[in-house]
Amino acid sequence: MAETIELASRTGAVKIRPNQKLSLFTTFRIGGPAEFMARVTDQSQVEAALEWAEQMDLPVTSIGGGSNLLVDDAGIPGLVLSVRSTGKDAEKLVTVEEDSSHVRIWVPAQLPISRLGHLSAERGWSGLVWCAGLPGVVGGATVNNAGAHGGEMIDHIETIDVMRLTDRRIETWPAEKLEARYRYTVLKYAPRPRDVVVLGVTFVLPRGDSEELQRQAREFSEWRKQAQPTGACAGSVFTNPEGTYAGYLIDKAGLKGRSVGGVQISELHGNFMVNTGEATAEHVRELIAMIQDEVYRQFEIRLIPEIEQVGGQ
Ligand SMILES: Cc1cc2nc3c(=O)[nH]c(=O)nc-3n(C[C@H](O)[C@H](O)[C@H](O)COP(=O)(O)OP(=O)(O)OC[C@H]3O[C@@H](n4cnc5c(N)ncnc54)[C@H](O)[C@@H]3O)c2cc1C
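Rules behind the numbers
Residues numbered from 1 in each chain as written. Predicted model: local features only at pLDDT ≥ 70, side-chain atom pairs only at ≥ 80, totals over all residues. Heavy atoms only, no water. Helix = DSSP H or I, 4+ residues; strand = E, 2+ residues; numbered from the N terminus. Expected span 1.5 Å × (residues − 1). Buried < 20%, exposed > 50% of the residue type's maximum accessible area, 1.4 Å probe, protein only. Arc of directions from axis to C-beta. Contact = heavy atoms within 4.5 Å. Domains from an automatic or database assignment. Buried area = accessible area lost by both parts, 1.4 Å probe. Pairing = 2+ DSSP bridges. Axes fitted to C-alpha atoms, helices over the stretch in contact; angles between N-to-C directions. Near = heavy atom within 4 Å. Polar contact = N/O pair within 3.5 Å; in protein donor to acceptor, adjacent residues only side chain to side chain. Areas by Shrake-Rupley, 256 points an atom, 1.4 Å probe, with all protein chains shown as cover. Core = buried A, V, L, I, M, F, W, Y, C linked by side-chain atoms within 4.5 Å.

**Digging into helix α5 (residues 210-227)**
Okay, step 1: In this model, α5 (18 residues) spans 25 Å end to end at C-alpha, consistent with the 26 Å of a helix rising 1.5 Å per residue.
Okay, step 2: When we look at burial in α5, the residues that qualify are S210, L213, A217, F220, S221 and R224. All buried residues of α5 lie within an arc of 95° about the axis, which places them on one face of the element. Of the exposed residues in α5, the ones pointing more than 90 degrees away from its buried face are E211, R218, K225 and Q226.
Okay, step 3: On its buried face, α5 is in contact with α3 (113-123) and β9 (147-148).

**Describing the domain arrangement of the protein chain**
Okay, step 1: Examined at the domain level, the protein chain breaks down into domain 1 (5-83), domain 2 (87-227) and domain 3 (246-310).
Okay, step 2: Relative placement of domain 1 and domain 3: their C-alpha centres are 29 Å apart.
Okay, step 3: With both chains or domains summed, domain 1 and domain 3 bury close to 1,100 Å², and 60% of this area falls on carbon and sulfur atoms.
Okay, step 4: A per-residue breakdown of the area domain 1 buries against domain 3 is headed by F28, N68 and L70, which together make up 54% of the total.

**Some remarks on the sheet that holds strand β1 (residues 5-7)**
One key point about sheets: their strands pair by backbone hydrogen bonds, in either a parallel or an antiparallel sense.
Okay, step 1: Read across the open sheet, the 5 strands follow the order β1-β2-β3-β6-β4; overall the sheet is mixed. Whereas interior strands pair on both sides, the edge strands pair on one side only; in this sheet they are β1 and β4 (60-63). Taking the axes of each pair of neighbouring strands and ignoring which way they run, one obtains an average angle of 30° across the sheet.
Okay, step 2: Relative to strand β6 (residues 76-83), β4 runs parallel, the two sharing 4 bridges. From the neighbouring strand, I63 faces β6, where its bridge partner is S82.

**Thoughts on the site of the ligand**
Okay, step 1: Contacts to the ligand come from 35 residues, most closely from S62, G65, S67, G147 and E308.
Okay, step 2: One nitrogen or oxygen atom from the side chain of R194 is found 3.0 Å from an oxygen atom belonging to the ligand.
Okay, step 3: In this structure, V198 approaches the ligand through a main-chain N or O atom, which is 2.8 Å from a nitrogen atom.
Okay, step 4: With the chains in place, 95% of the 970 Å² that the ligand exposes on its own is no longer accessible.
Okay, step 5: In terms of residue count, helix α4 (residues 138-144) provides more of the shell around the ligand than any other element does, 5 residues in total.
Okay, step 6: Inspection of the shell around the ligand shows a minimum of three residues originating in each of domain 1 (5-83) and domain 2 (87-227).

**Re α3**
Okay, step 1: Every buried residue of α3 is accounted for by I113, S114, L116, G117, L119, S120 and A121.
Okay, step 2: Looking at the buried residues of α3, the elements they touch are α2 (87-91), β8 (102-108), α4, β13 (196-206) and α5.
Okay, step 3: Backbone geometry just after α3 places G124 at a positive phi near 75°.

**Here we look at the environment of Y296**
Okay, step 1: Here Y296 shows up in helix α7 (residues 281-299).
Okay, step 2: Note on Y296: relative accessible area 41%, which makes it partly exposed.
Okay, step 3: Among residues more than four places away in sequence, those in contact with Y296 are I301 and R302.

**Structural notes on unusual backbone geometry**
Okay, step 1: Cis geometry marks the peptide bond from R192 to P193; its omega dihedral reads -5°.
Okay, step 2: Topologically, P193 is positioned in the loop between β12 (170-174) and β13.
Okay, step 3: Even without being a glycine, N145 presents a positive backbone phi close to 45°.
Okay, step 4: Examined against the element boundaries, N145 turns out to sit in the loop between α4 and β9.
Okay, step 5: Overall, the relative accessible area of 1% leaves N145 in the buried class.

**Structural notes on the nonpolar core**
One recurring pattern in soluble globular proteins is that nonpolar side chains are buried together.
Okay, step 1: Grouped together as the largest cluster of nonpolar side chains are 59 residues, with contacts concentrated most on L79, L81, I105, L116 and F203.
Okay, step 2: Broken down by element, the residue count for this core peaks at 7 residues, all from β13.
Okay, step 3: Domain assignment of the residues forming this core places at least three in each of domain 1 (5-83) and domain 2 (87-227).
Okay, step 4: Those residues within four positions of I105 in sequence are excluded, and the remaining contacts are T95, V96, L116, W125, L128, V201, T202, F203 and L205.
Okay, step 5: In terms of nonpolar packing, the next biggest core, distinct from the first, is built from 24 residues, L249, L255, V284 and I291 among them.

As structure tokens, this is what we get:
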């Protein structure tokens, strides 16, 4: 078996590990091996890993918290770049410019998105408190245009910084280039392998009342514990169709609690599936197809998956 390779970067060694189980890097706890995996926590480490992948002629797949992914049982070929970090390390990289009414912050892609929600509340920056309690990191949430409680990532993004895979050039994109709408950006739907890695995001935020924002942050975090299953899952399986909710339709169709193999539709929330221990990506795909057929049969509405399938041959 291939051995771990160490690459030099300005901020320390980057380890390229062969054959890493992706079930350990996804909140669904599903997924075969990454052919190679590099955990990177800043721009120079991303650059070193991409240069190596180019030399080896390997495709690159970037992941963040793995909280919206269904990774194939066959795993992901090539190099998987895991762009995530602990809140404390990533928070040191946040930069802030303030005036009396607004604040402009640059946030690294690897910062946990929930930490950003709490941090903004503590500092009295409005507009991101809805992120409190959300799984994942800033890079993945930006690609997905994640949102909750009436807010979404695109609301306050000014620009994003990306590194091109082809020449490792850094570009700053205006928010409009994402063409973001409900759970959509051009990055999320770009065919793989994709050409960019998100490095960081600049937000412009209005000022707010820190105490009130912290109260909301606690409330939003608490709400998640009550309303959503805490087991291994990947968030909402389907996007909400125009004018209704996927969870409501699944519930109305009498499907809550149904399972295929090791995956079950949550009893708590119809739009969540929970890995009860031995779930495979194939089980999830079968359950998705069963739900789509049944909801279509009963309501003539075709549910579209929100979770993204990655990997396989
Ligand atoms: C319990 C639970 C509740 C959830 N609730 C919500 C909710 O309320 N609202 C909501 O919108 N979502 C929700 N989600 C889904 C998920 O949390 C969000 O979409 C999340 O922000 C995704 O971030 P991530 O870092 O986990 O991304 P990942 O799942 O790792 O990746 C998402 C996408 O981004 C790409 N990507 C990741 N990092 C980079 C990078 N640095 N450069 C380039 N591409 C990258 C990946 O290739 C993939 O296409 C929930 C998930 C769970 C498990």
